[in-house]
Amino acid sequence: MEQLTQNLKDGDMQILEVPFPMLGKGSVLVRNHYSIISAGTEGKTVKDARLGYIGKAMARKDDVKKVINTAKTIGITETYKLLMNKLEAPSALGYSCSGEVIAVADDITEFKIGDHVACGGAGAVHAEVVAVPRNLCVKLPDNVHCSEAAFTTLGAIAMQGIRQADLRLGESCVVIGLGLLGQLTMQMLQASGVKSIGIDIDSKMVDLARELGASLALNRNQEGLEQIIADLTQGYGADAVIITAATSSTDPVDLAGTLCRQKGKVIIVGAVPTGFKRSGYYKKELELKMSCSYGPGRYDRSYEEAGTDYPYGYVRWTENRNMQAFVELLHQGKLQIKPLTSHVFDFKEAKKAYQMIVDKTEPYTGILLKYNLEKTLRARIDIKTAESLSAEPSLGFIGAGSFAGNVLLPALKGQCRFTGIATNRPNNARNMADKYGFSYCTANVSELLNDKNINTIFVATRHDSHAAYVLESIHHGKHVFVEKPLCLHEAELEQIREAYEKGHTQVMVGFNRRFAPQIVKAKKMFAGSDVPLAIHYRINAGTLPADHWIHDLAVGGGRIIGEACHFIDLVAFLAGSAIVSVSAMAMKTPGNLRDTLTINLQFKNGSIANITYFSNGNKNLSKEYIEIFGAGQVTVIDDFKDMTVYGSSAKKESTKQDKGHRQEVTQFLESIRQGKAAPISFGSIYNSMLATFKVEESIALGGAPIPLPH
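What counts and how
- Residues numbered from 1 in each chain as written.
- Predicted model: local features only at pLDDT ≥ 70, side-chain atom pairs only at ≥ 80, totals over all residues.
- Heavy atoms only, no water.
- Helix = DSSP H or I, 4+ residues; strand = E, 2+ residues; numbered from the N terminus.
- Rg over C-alpha atoms; globule rule 2.2 N^0.38 Å.
- Buried < 20%, exposed > 50% of the residue type's maximum accessible area, 1.4 Å probe, protein only.
- Contact = heavy atoms within 4.5 Å.
- Areas by Shrake-Rupley, 256 points an atom, 1.4 Å probe, with all protein chains shown as cover.
- Lys, Arg positive; Asp, Glu negative; His and termini not counted.
- Charge placed at Lys NZ, Arg CZ, Asp CG, Glu CD.
- Pairing = 2+ DSSP bridges.
- Axes fitted to C-alpha atoms, helices over the stretch in contact; angles between N-to-C directions.
- Core = buried A, V, L, I, M, F, W, Y, C linked by side-chain atoms within 4.5 Å.
- Parallel < 35°, antiparallel > 145°, perpendicular 65-115°, else oblique.
- Left-handed = near helix turned anticlockwise from the far one by under 90°.
- Nonpolar A, V, L, I, M, F, W, Y, C, P; charged D, E, K, R; others polar.
- Salt bridge = Lys/Arg side-chain N within 4 Å of Asp/Glu carboxyl O.
- Disulfide = S-S within 2.5 Å.
- Expected span 1.5 Å × (residues − 1).

*Asks:* I tried to follow the overall build of the protein on my own but got confused; where do I start?
*Replies:* Within the protein, the regular secondary structure consists of 23 helices and 32 strands. A compact globule built from 710 residues would reach a C-alpha radius of gyration of about 27 Å, and the protein, at 29 Å, matches this within 12%. Here the C-alpha coordinates of the protein stretch approximately 90 × 60 × 50 Å along the principal axes. Burial status across the protein gives 54% buried among its 710 residues. Sequence-distant contacts, at least 24 apart, represent 68% of the contacts inside the protein between residues at least 6 apart. Accessible surface computed for the protein: about 30900 Å², of which carbon and sulfur atoms make up 52%. Here the protein contributes 78 positively and 74 negatively charged side chains, and the mean placements of these two sets differ by 4 Å.

Here's what the structure looks like:
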C-alpha cells in the first residue's frame, strides 16, 4: 500500500510504498476511501518542515531546549545523530478519514468486515490502509457517503467547542474565524437553534457562511460591527463567542471580550494567543475556556489506545460520542458538506494539494484526498531478495521505536543480516528497512517467526508484548534478544523458563550495563579478591507523567518492573553471585506510582547491595552513580563517564558515556555465530527478573525481606 509522508528535515513530501499497519488489540483495519487535509494544522506542519534550521529553532523553542540538555549529557555528536534520525525519518500526515473495514482484532465486536466507518486520531493518516482503535472509529449509516464522513474528526472538534460554550436553545453565539472549522460550527449552531453570528477577515468566507444559512455573517472590518451585534442581541452582547481562527494576533480574543455579554463565555478552539486586554474580561467577569480537540478522552491513552470508555452517565459526550453525533447530523441531512468541499485531489496528487495550501494559489475550505479502490494492495513490501540461512545471524526485528532506531539498530549494523522488520507504523517500518537494508517489511509478526531465512528475533516493543514474542520465538526455534524487561509477571517468567529449558535456542535480555567498559574494568578489579562486596547504586531517574505508558501496569509494568530490573541485574553482575534475599520500601506518592524507592539485596556469596531509585530529584544531577566497596578499595562510576578508583591513591579516568549497548549485541551475535552460550546465562536473567518481582512483593508487605530460591 502507499502512504503520504513528509521529511521533517527539508519538508520533502512523497507517496511512499509501505506495509499495512499492525492490527493491534482493540483496533480495526480500514481501507481509506477519502481523507481530509486539515489546512490549518497540517499546513503549519508542512511550512515548519520547509524552514531552515534557524527557522525550525525559532518555531520550536521548547524542542531546542531539549536538544541542548541532551547535548550536555551525551555530547554534541551523539545528539546530532539523534536529531538527524528524527528529522530524516518520513513523518505521517493526517488525522481524519473514512473508508471500509477490511479486518478486525479478535476482541472487536462492534465492527465487522465491510462496515463503512469514519476514523480520527493519530492512526487516521493519509494512507490507503489505516489501523484505528475502537474509540476513534464510528460506523456510518447507509445514506452517509464516505466523502462527507471524512469530515467527522473536524466536525467533532467543532462540536466540542460548542459543548464547551454550553449554549441553550434561543441563545446567541459569535464565531470568529470562518474557515472550515468555523463553517462547521456555524451550521451546527443553526441546527441546534442557536442564533449564529460569523466574523472573518475574508469576504469569501463571510459570503459562504451566509449561503449556508448563518443568522448573520460580517467582515471583521465592517463599519459598526460591534453595534450591529449589540443590536442583534438586544444590547446585551452574545451569550458566547467561539474562536475558530488561526492567527498570531490577539485581535480575536480581544474582540471576543468586547462582543460577549456580561458573565458570558469565550471558547478557544483555534490556534490563537491568549494574551488579551484585561479590561473587557474583568468588567464583565467573562469565562475563558479552552476546547480540547474532539472532546473528553483526547490524549488519554487508556481511552484512545486501550479502548476504556468513560461512563455514559458521567461523561455524556466523549470524543467518540461527538463523532457519532456529527455522523448522525449527516444522516439527518442537517449539515451541508458539499459546499464546504472546495477541492478533491486523487491521492497520487496529494503533494499538489499541500503546495496549493502553502502557496495560497486558490481559495479553499475542505480539501479531500480520494483513493483508488480498484487498486490491489500489498500488505508486505519486499525490498530485496533475502539471503539463504547460514550460521550468520539473520535477524527478524519486531518494533522500531526511538530506542531501536537510535541505539539498537545502529549497534547491530554491519554485524548481521537484516532480513525482515515488523513495526506498528508503516512509514517507520519502511524507513528502517531502507536505512538498514532489510529484505522486507511487514505488519505480520508471524511472517518473521515462520521465515526459514531468519534464525534470530529482536524484540523492541512495549513491555506487555515481550513475553508473548519471546515464547513464540522459542517455539519457532529462533534465538531471541528482548529489550528489558523479559516479562511483566512472575507467571510469564516461569512459562519462559519452562520453554527455554525444553528448547534449543538462546534467550538474551537487553541488560546492557553489564557490558559498559567502565563496569567491565571495575569487575576485573575485584575479580581476584574473592571477598564480598558492598555496592551502592543511586539512580536519579527523574519524573514521568502519571499517564505515561510505563506507569500503566498492564502495558509498561511500572518503573520497578520496567526499569529497575536493569539496575538489579547490574549489581548482581558486579557481586558475581545470585540474589538470595530482597527487601524494598517505596515513598508514598500521589497515584502510588512506586517510583521513589530503596532496594536492599543480599547475595549468596555474602555481598550486599543498596539501590536507591529516585524520581523526585533534579536533572542537573548525573543520572547514575555507583560505588563499589571491597578489599580495601572503592571504585566510583559516575554516569558511565567518570571512573575513580580509591586505593593507595586516587585514580580518575573520564571517557565518553558508554552504557555497553554495542558490546552487548556484538557478544550476543558472536555467541550465535560460534554456537556458544549467550553472554548472559538464562539462570542469571531469571534470578534478576525474579528479584525484580520480589521488590514489588516486599513493598506490598511493608518492606519485609523476601527470600529467593538458589
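Here the narrative resumes.
*Asks:* Just checking my understanding: could you explain the sheet that holds strand β30 (residues 642–646) for this structure?
*Replies:* Two strands in a sheet stick together by hydrogen bonds in their backbones, pointing the same way (parallel) or opposite ways (antiparallel). Pairing in this open sheet of nine strands is mixed, and the strands run β31-β30-β29-β28-β24-β27-β26-β25-β32 from one edge to the other. Only two strands of the sheet have a single partner each, and these edge strands are β31 (650–654) and β32 (706–707). In terms of strand pairing, strand β25 (residues 579–586) meets β32 through two bridges, oriented antiparallel. Across the sheet, the residue bridging to Ser581 is Pro707, located in β32. Set on the sheet, helix α20 (residues 517–527) makes contact with β28 (624–630), β29 (633–638), β30 and β31; between it and β29 the angle comes to about 175 degrees. Strands β25, β26 (597–603) and β32 of the sheet are contacted by helix α23 (residues 682–700), whose axis makes an angle of about 40 degrees with β25.

*Asks:* Honestly, the nonpolar core in this entry has me stumped. Any pointers?
*Replies:* For soluble globular proteins, nonpolar side chains are generally found buried alongside one another. In terms of nonpolar packing, the biggest core is built from 178 residues, with Phe397, Leu486, Leu601 and Ile626 touching the most fellow members. Element by element, the count of residues in this core is highest for helix α21 (residues 558–575), at twelve residues. Not counting the four nearest positions on each side in its chain, Ile626 is found in contact with Ile519, Ile535, His536, Tyr537, Leu570, Leu574, Thr635, Val636, Ile637 and Phe640. The next biggest cluster of nonpolar side chains, apart from the first, holds 21 residues, and it includes Ile243, Leu259, Val266 and Leu286.

*Asks:* Sorry if this is basic, but what is going on with the packing of helix α9 (residues 225–232) against helix α10 (residues 251–259) here?
*Replies:* A pair of packed helices can be characterised by two numbers: the angle between their axes and the separation between those axes. Where α9 contacts α10, the axes come no closer than 10 Å and their chain directions differ by 40 degrees. When the interaxial angle is binned, α9 and α10 end up oblique. The two elements α9 and α10 meet at a crossing, and its hand is right-handed. Residues Leu225, Glu226 and Ile229 of α9 touch α10, and the partners they reach there are Leu255, Thr258 and Leu259. Of the residues contributing to the contact of α9 with α10, the split by class is four nonpolar, one polar and one charged.

*Asks:* Honestly, the pattern of salt bridges in this entry has me stumped. Any pointers?
*Replies:* Two side chains with opposite charge may pair up if their charged atoms get near one another. This structure, assessed with the given rule, holds 35 salt bridges. With a closest N to O distance of 3.2 Å, Arg497 and Glu501 form a salt bridge. Within this pair, Arg497 and its partner Glu501 are both found in helix α19 (residues 490–502), separated by four residues, close to a single helical turn. Note that Arg559 is salt-bridged to Glu563, the shortest N-O span being 3.4 Å. Of the two residues, Arg559 and Glu563 are both situated in helix α21; the distance of four residues between them amounts to about one turn of the helix. Summarising the burial analysis for this pair, Arg559 and Glu563 share the class buried. Here the residues in one salt-bridge network are Glu2, Glu128, Lys348 and Lys375, joined through shared partners.

*Asks:* What should I look at first to understand the environment of Ala230 in this one?
*Replies:* Looking at the element boundaries, Ala230 is found in helix α9. For the pair formed by Ala230 and Thr244, sequence separation is 14 residues and the distance between their alpha carbons is 21 Å. Discounting chain neighbours no more than four positions away, the residues touching Ala230 are Gly235 and Tyr236.

*Asks:* Honestly, the sheet that holds strand β10 (residues 195–200) in this entry has me stumped. Any pointers?
*Replies:* Pairing in this open sheet of six strands is parallel, and the strands run β11-β10-β9-β12-β13-β14 from one edge to the other. Only two strands of the sheet have a single partner each, and these edge strands are β11 (216–219) and β14 (287–290). Adjacent strand axes in the sheet meet at a mean angle of 20 degrees, parallel and antiparallel pairs treated alike. As paired elements, strand β12 (residues 238–243) and strand β13 (residues 260–268) share five bridges and run parallel to each other. Paired with Ala238 across the two strands is Cys260, which belongs to β13. Contacting β9 (172–176), β10, β11 and β12, helix α7 (residues 180–191) runs over the sheet at an angle of about 165 degrees to β10. α10 rests against β9, β10, β12 and β13 of the sheet, and its axis sits at about 150 degrees to β13.

*Asks:* In this structure, what is going on with the state of the cysteines? I would like to understand it.
*Replies:* Chemically, a disulfide is nothing more than a covalent bond linking the sulfur atoms of two cysteines. For the coordinates displayed, the defined rule picks out zero disulfides. Cys146 takes part in no disulfide bond, and the closest cysteine sulfur to it belongs to Cys119, at a distance of 9.1 Å. For Cys146, a relative accessible area of 6% translates into the label buried. The structure places no disulfide on Cys292, whose sulfur is separated from the nearest cysteine sulfur, that of Cys173, by 19 Å. Residue Cys292 is classed as partly exposed on the basis of its relative accessible area of 39%.

*Asks:* Is there a simple way to think about helix α6 (residues 152–165) in this case?
*Replies:* Residues spaced three or four apart along an α-helix face the same direction, because each turn holds 3.6 residues. When the terminal C-alpha atoms of α6 are compared, their 20 Å separation across 14 residues agrees well with the 20 Å that a helix rising 1.5 Å per residue should span. For α6, the tally of buried residues reaches 13 of 14 residues, placing the bulk of the element in the interior. Of the residues flanking the end of α6, it is Asp166, one or two places downstream, whose phi is positive at about 50 degrees.

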